[in-house]
Amino acid sequence: MAEIPSANGLLNLLWLQSGGCGGCSLSLLGAESPDLLTSLEAAGIRLLWHPSLSEASGQEFRALLERLKSGDQKLDILCVEGSAVTGPDGSGRFHMMAGSDQPMMRWIEDLAAVAGQVFAVGSCAAYGGITAAGSNPSEARGLQFDGDRRGGLLGADFSGRSGAPVINIAGCPVHPNWVTESLMQSASGELTEDQLDDLGRPRSYADHLVHHGCPRNEFYEFKASAEKPSDLGCMMEHMGCLGTQAHGDCNTRLWNGEGSCLRGGFACINCTAPGFEEPGHAFHQTPKIAGIPVGLPTDMPKAWFVALASLSKAATPKRLRENAVSDHIKVAPRSREPGDT
Ligand code: SF4
Ligand code: SF4
């Protein structure tokens, strides 16, 4: 059969869900300014199928997959949400594609082989994520990474027809606009390998730290720290916050227009990084050695941090010291008065 060209020059996108919770799709549906469908239209992308948005199922759906796999219909963008389930013993039979005699991992391999660009949406698809935690009985893997090691289901050397490796839009769940922006970049041919960081994440969001724009920055500067949930202070010293090391623009590109983990009172657990799911300690506690947090801010030598922290603590204004351990503002900023130096 002759190849069915993309309709009206649109790019064909297929979305598959594998070993995950569906949370990234749920997050994606909350995309705003613009919303998902407007973003796809603006980028010239036609959504061929998505498990939550499409009516086709059963034979109709499988026929679509067969056309894409054989090349009869062009596949420009393949998005996979959730890890590749490869157990037991590498067979993939823990996750069969309903109605087919093939494991989902084989469909992913076959479709990735013909796709222009492959997106791993969310940290499970990128690195294994939550589904690979613990003893990983389902043998969950990322598409091109196993944790922080290149490899994964498709192998370290895989690249799509465009020449780029798998694009890891990591996050748990993913920020909706990280997806829509990356798809737009892809459609315009701008999402090349040099636009990805060492872990395959689009630099458009991964070149930022969560710490940037955090409303608790003033507390951080003076090491005025929260000591319990709901305290207003910085959560790095005691409450497990990894915002100074986590790659993401969560505090400058707000979620659903107004939120972020930090703004909701939760420490950043670095969900855009491989291995975040198993920090080796409670998520809401900061591990320390001799009273010094083990995970120091990115780029900061330990000696500097210790020196700066003790200087900052010595200079902490009463306002910040008291507000840091309160769930509301106890001491308001004072206006300068004539004669103040
Ligand atoms: S709470 Fe976390 S992200 Fe916010 S200022 Fe402190 S370390 Fe930075
Ligand atoms: S603030 Fe941290 S834990 Fe929350 S979504 Fe961003 S990277 Fe993930």
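Small disclaimer: the values here were computed from a predicted structure and weren't measured.

Definitions and limits used
- Residues numbered from 1 in each chain as written.
- Chains lettered and ligands numbered in written order.
- Predicted model: local features only at pLDDT ≥ 70, side-chain atom pairs only at ≥ 80, totals over all residues.
- Helix = DSSP H or I, 4+ residues; strand = E, 2+ residues; numbered from the N terminus.
- Buried ≥ 20, exposed ≤ 12 C-beta atoms within 10 Å, placed from the backbone.
- Contact = placed C-beta atoms within 7 Å.
- Domains from an automatic or database assignment.
- Nonpolar A, V, L, I, M, F, W, Y, C, P; charged D, E, K, R; others polar.
- Expected span 1.5 Å × (residues − 1).
- Near = placed C-beta within 6 Å.
- Core = buried A, V, L, I, M, F, W, Y, C linked by C-beta atoms within 7 Å.
- Pairing = 2+ DSSP bridges.
- Axes fitted to C-alpha atoms, helices over the stretch in contact; angles between N-to-C directions.
- Parallel < 35°, antiparallel > 145°, perpendicular 65-115°, else oblique.

**Considering the overall build of the chain**
No. 1: On a plain count of helices and strands, the chain comes out with 10 helices and 11 strands.
No. 2: Considered along the principal axes of its C-alpha atoms, the chain spans approximately 85 × 45 × 35 Å.
No. 3: Here the chain, with 341 residues, has 43% of them falling under the buried criterion.
No. 4: Within the chain, counting contacts between residues at least 6 apart in sequence, those at least 24 apart form 70% of the total.

**Focus on the domain arrangement of the chain**
No. 1: In terms of domains, the chain is made up of domain 1 (7-206) and domain 2 (208-328).
No. 2: Each partner contributes residues to the interface: domain 1 has 19 residues there, and domain 2 has 16 residues.
No. 3: Of the residues assigned to the side of domain 1 that touches domain 2, the class counts are 9 nonpolar, 7 polar and 3 charged.

**Considerations on the environment of Thr-86**
No. 1: Relative to the helices and strands, Thr-86 resides in the loop between strand S4 (84-85) and helix H4 (104-112).
No. 2: In this structure, the C-alpha to C-alpha distance between Thr-86 and Leu-16, residues 70 residues apart in sequence, is 16 Å.
No. 3: When neighbours within four sequence positions are excluded, Thr-86 is seen to be in contact with Gly-92, Met-105, Glu-139, Arg-141 and Leu-153.

**As for unusual backbone geometry**
No. 1: Gly-87 connects to Pro-88 through a cis peptide bond whose omega is -5°.
No. 2: Note that the residue after Cys-172, namely Pro-173, is joined by a cis bond; omega there is 0°.
No. 3: Turning to its location among the elements, Pro-173 is positioned in the loop between strand S9 (167-169) and helix H6 (176-187).
No. 4: In the Ramachandran plot, Ser-33 falls in the positive-phi region, its phi being about 50° despite a non-glycine side chain.
No. 5: Classification of Ser-33 by C-beta neighbours within 10 Å gives exposed; the count is 9.
No. 6: Even without glycine at this site, Asn-270 takes up a positive phi of about 65°.
No. 7: With 25 C-beta atoms packed within 10 Å, Asn-270 lands in the buried category.

**What about H6?**
No. 1: Over its 12 residues, H6 runs 17 Å from end to end, which matches the ideal 16 Å to within 8%, given 1.5 Å per residue.
No. 2: Taken together, the buried positions of H6 are Pro-176, Asn-177, Trp-178, Val-179, Thr-180, Glu-181, Ser-182, Leu-183, Met-184, Ser-186 and Ala-187.
No. 3: In the segment just after H6, Gly-189 is the residue with positive phi, at about 75°.

**Re the site of ligand 2**
No. 1: All residues in the neighbourhood of ligand 2 are listed as Gly-171, Val-210, Ala-246, Gly-248, Cys-250, Ser-260, Cys-261, Cys-268, Ile-269, Asn-270, Cys-271 and Thr-272.
No. 2: For the shell around ligand 2, the class distribution of residues is 7 nonpolar, 5 polar and no charged.

**Points about the site of ligand 1**
No. 1: Lining the immediate environment of ligand 1, one finds 14 residues, of which Cys-214, Cys-234, Met-236, Cys-241 and Gly-243 sit closest.
No. 2: Of the residues assigned to the shell around ligand 1, the class counts are 9 nonpolar, 4 polar and 1 charged.

**A few points about the nonpolar core**
No. 1: Core analysis: the largest hydrophobic core is formed by 85 residues, its most contacted members being Leu-78, Ala-120 and Val-121.
No. 2: Both domain 1 (7-206) and domain 2 (208-328) contribute no fewer than three residues apiece to this core.
No. 3: Residues within four places of Ala-120 in sequence aside, it is in contact with Val-80, Ala-125, Ala-126, Gly-142, Leu-143, Val-166, Ile-167, Asn-168 and Ile-169.

**Points about the pairing of strand S3 (residues 77-81)**
No. 1: The element S3 is extensively covered by neighbouring structure, given that 5 of its 5 residues are classed as buried.
No. 2: Here S3 shows no split at all, with Ile-77, Cys-79 and Glu-81 on one side and Leu-78 and Val-80 on the other all buried.
No. 3: Of the pairings in the sheet, the one linking strand S1 (residues 11-17) to S3 comprises 5 bridges and is parallel in character. Directly across from Leu-14, in S3, lies its bridge partner Leu-78.
No. 4: In this sheet, strand S5 (residues 117-121) lies alongside S3 in parallel orientation, the contact comprising 5 bridges. Bridge pairing in S5 places Leu-78 opposite Val-118.

**Observations concerning the packing of helix H2 (residues 36-43) against H6**
No. 1: Two elements in contact, H2 and H6, have axes separated by 9 Å at closest approach and are oriented at 10°. In terms of orientation, H2 and H6 fall into the roughly parallel class. Contact residues: Leu-36, Ser-39 and Ala-43 in H2; Thr-180, Leu-183, Met-184 and Ala-187 in H6.
No. 2: Of the residues belonging to the contact of H2 with H6, the class tally is 5 nonpolar, 2 polar and no charged.

**Here we look at the pairing of S1**
Regular strands have side chains that alternate between both faces of the sheet.
No. 1: In terms of burial, S1 is largely enclosed, as 6 of its 7 residues are buried.
No. 2: Bridge count for S1 against strand S2 (residues 45-49) is 4 bridges, and the pairing is parallel. Residue pairing in the sheet places Asn-12 in a bridge with Arg-46 of S2.

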